[in-house]
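A look at the structure
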Amino acid sequence: MFKLNKIINIFKGNKKLLYAVNIFILLIILSFILKLDSSKYTVNNPVEVLNNKNQSDKDPINEYVDSLESKIENMISKIEGINSVDVMIYTRNSPILEPIYDVNSTSETNTEVGSDGTKREIKRDTNQNQVVKGNGDKIIEKYFKYPEITGVLIVVDYTGNKNINTILLNSVKTLFNIKVNNIEIVLSND
C-alpha cells in the first residue's frame, strides 16, 4: 500500500508522466481491439444473404423493381433459343409511397345581417384526413410516383440462329422508353 501511494504522488507531481501512461494504456487497449478476429462477424457473401431473405421480409419499395424484372424474364424466356435469362433493372430512385387517406370534407356558410343592413357572410371549410389502416393496424399505402428506370442488364444463354442482341435491345428500349446506351446484354454459356 505504501508503494502505491508513492506512485500516485509521483503521477500527481508530474503531469507529463501521467499523460504518457494514459496514452500507453490506450495503445494497449487499441491493440487488443485490433487483434480481435472480426471474420466471424462479417458476412462472406452479401448476395447470398439478400437472396436467402424470406419473401415476407421484402421491402415493399423494391417489389416494384422485382416485379418488372420477373415480367421481363418471363417474356424473354418465351423467345425461341433462349435457355436461361436473368434481368437486373436499375432505377434512379425508389418509388414514393403515400398513405391512403379517408377524407371527410364539410362546408358551412353563415350569413349575418347587421342592424345597418350590411350582410356579412362567413364560410368555413373543414377537411379531415384519416389514414386508412388494414389488417393488424398496418397503414395502407399506394405508389405515388414510380421511379425512373435508368439501366437494364440482361444475362442470357442463347443457342438460336437469330441476332438476339438486336431483338432484346429493341424490346427493352420499347418497353421502358430508355436509351439503347443504358441497356447491356451479356451472353452466357450456362
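Residues numbered from 1 in each chain as written. Predicted model: local features only at pLDDT ≥ 70, side-chain atom pairs only at ≥ 80, totals over all residues. Heavy atoms only, no water.

**Some words on helix α2 (residues 15-35)**
Worth spelling out the cut-off: Helix and strand assignments come from DSSP, with helices taken as H or I runs of at least 4 residues and strands as E runs of at least 2, each series counted from the N terminus. To estimate how far a helix should extend, the number of its residues minus one is multiplied by 1.5 Å. As used in this structure description, the phrase polar contact means that two N or O atoms lie within 3.5 Å; if the pair is within protein, one of them must be able to donate a hydrogen and the other to accept it, and residues adjacent in sequence are counted only when both atoms belong to side chains.
Given a rise of 1.5 Å per residue, 21 residues ought to cover 30 Å, and the 31 Å separating the end C-alpha atoms of α2 matches this to within 8%. The backbone nitrogen of Lys 16 has a side-chain oxygen 3.4 Å away, supplied by the residue at the start of α2, namely Asn 14.

**Concerning helix α5 (residues 164-176)**
If you check α5, its first and last C-alpha atoms are 18 Å apart, about what 13 residues at 1.5 Å a residue would give, namely 18 Å. Its side-chain oxygen at 3.3 Å from the backbone nitrogen of Asn 165, Asn 163 defines the N-terminal cap of α5. Positive backbone phi, at 55°, marks Asn 177, one or two positions downstream of α5.

**Side note on the side chain of Ser 188**
Here is the rule: Exposure classes here rest on a 1.4 Å probe applied to the protein chains alone. A residue is buried below 20% of its type maximum, exposed above 50%, and partly exposed in between. Every residue pair with non-hydrogen atoms within 4.5 Å of one another is taken to be in contact.
Its place among the elements puts Ser 188 in the segment after β7 (183-187). Judged by relative accessible area, which is 14%, Ser 188 ranks as buried. When residues no more than four places from it in sequence are discounted, the contact partners of Ser 188 are Val 155, Val 156, Asp 157 and Tyr 158.

**Examining the environment of Glu 73**
When you line up the elements, Glu 73 lands in helix α4 (residues 60-77). Here the alpha-carbon distance between Glu 73 and Val 155, two residues 82 residues apart in the chain, equals 10.0 Å. Setting aside anything within four residues of it in sequence, one finds Glu 73 in contact with Val 85, Asp 86 and Val 87. Within the structure, the side chain of Glu 73 is placed 2.9 Å from the backbone nitrogen of Val 87, a separation counted as a polar contact.

**Focus: the nonpolar core**
Note the threshold: Buried Ala, Val, Leu, Ile, Met, Phe, Trp, Tyr and Cys residues that are joined via side-chain atoms within 4.5 Å together make up what is termed a nonpolar core.
Counting 21 residues, the largest nonpolar core has Ile 76, Val 87, Ile 89, Val 152, Ile 154 and Phe 176 as its most contacted members. Looking at this core, the elements with two or more residues in it are α4, β1 (82-91), β6 (149-158), α5 and β7.

**So, the sheet that holds β7**
Whenever strands of a sheet pair, they do so through backbone hydrogen bonds, lying parallel or antiparallel. As a reminder of what qualifies: Any two strands with at least two DSSP bridges between them are considered paired. Note on method: axes are straight lines fitted to C-alpha atoms, helices fitted across the in-contact stretch only, with angles between N-to-C directions ranging 0 to 180 degrees.
With mixed pairing, three strands are arranged side by side in an open sheet as β1-β6-β7. Across the chains shown, the open sheet's two edge strands, defined by having one partner strand only, are β1 and β7. Averaged over neighbouring strand pairs, the angle between their axes works out to 15° when direction is ignored. Two strands pair when backbone bridges link them, and β6 and β7 are joined in this way by five bridges, in the parallel orientation. Bridge pairing in β7 links Val 155 to Val 186. Packing of α5 onto the sheet brings it into contact with β1, β6 and β7, and relative to β7 it is tilted by some 150°.

**A closer look at the pattern of salt bridges**
Formally: By convention in these notes, a salt bridge is any Lys or Arg side-chain nitrogen within 4 Å of a carboxyl oxygen on Asp or Glu.
Counting across every chain of the model gives two salt bridges. Arg 124 is paired through a salt bridge with Glu 108; the nearest N and O atoms lie 3.0 Å apart. With Arg 124 in strand β4 (residues 119-131) and Glu 108 in strand β3 (residues 101-113), this residue pair connects regions lying 16 residues apart in the sequence. In this structure, the salt-bridge partner of Arg 120 is Glu 112, at a minimum N-O distance of 3.0 Å. Residue classification places Glu 112 among the partly exposed residues on the basis of a relative accessible area of 37%.

**Some words on the side chain of Thr 150**
Checked against the element boundaries, Thr 150 lands in strand β6. According to the relative accessible area criterion, Thr 150 is buried, its value standing at 17%. The contacts of Thr 150, once residues within four sequence positions are left out, are Tyr 90, Thr 91, Arg 92 and Asn 182.

**Digging into a nonpolar patch on the surface**
What counts is decided by this rule: To count toward a patch, a residue needs a relative accessible area above 30% and no salt bridge. Like charges then connect within 9 Å, nonpolar side chains (Val, Leu, Ile, Met, Phe, Trp, Tyr) within 5 Å. Only the protein chains shown count as cover for residues, and the accessible areas themselves come from Shrake-Rupley with a 1.4 Å probe.
On the surface, Phe 24, Ile 25, Leu 26, Ile 28, Ile 29, Phe 32, Ile 33 and Leu 36 cluster together into a nonpolar patch covering about 830 Å² of accessible area. Relative to the helices and strands, Ile 25 resides in helix α2.

**Quick look at unusual backbone geometry**
You will see that Asn 177, though not glycine, has its phi angle at about 55°, which is positive. Looking at where Asn 177 falls in the secondary structure, it is placed in the loop between α5 and β7.

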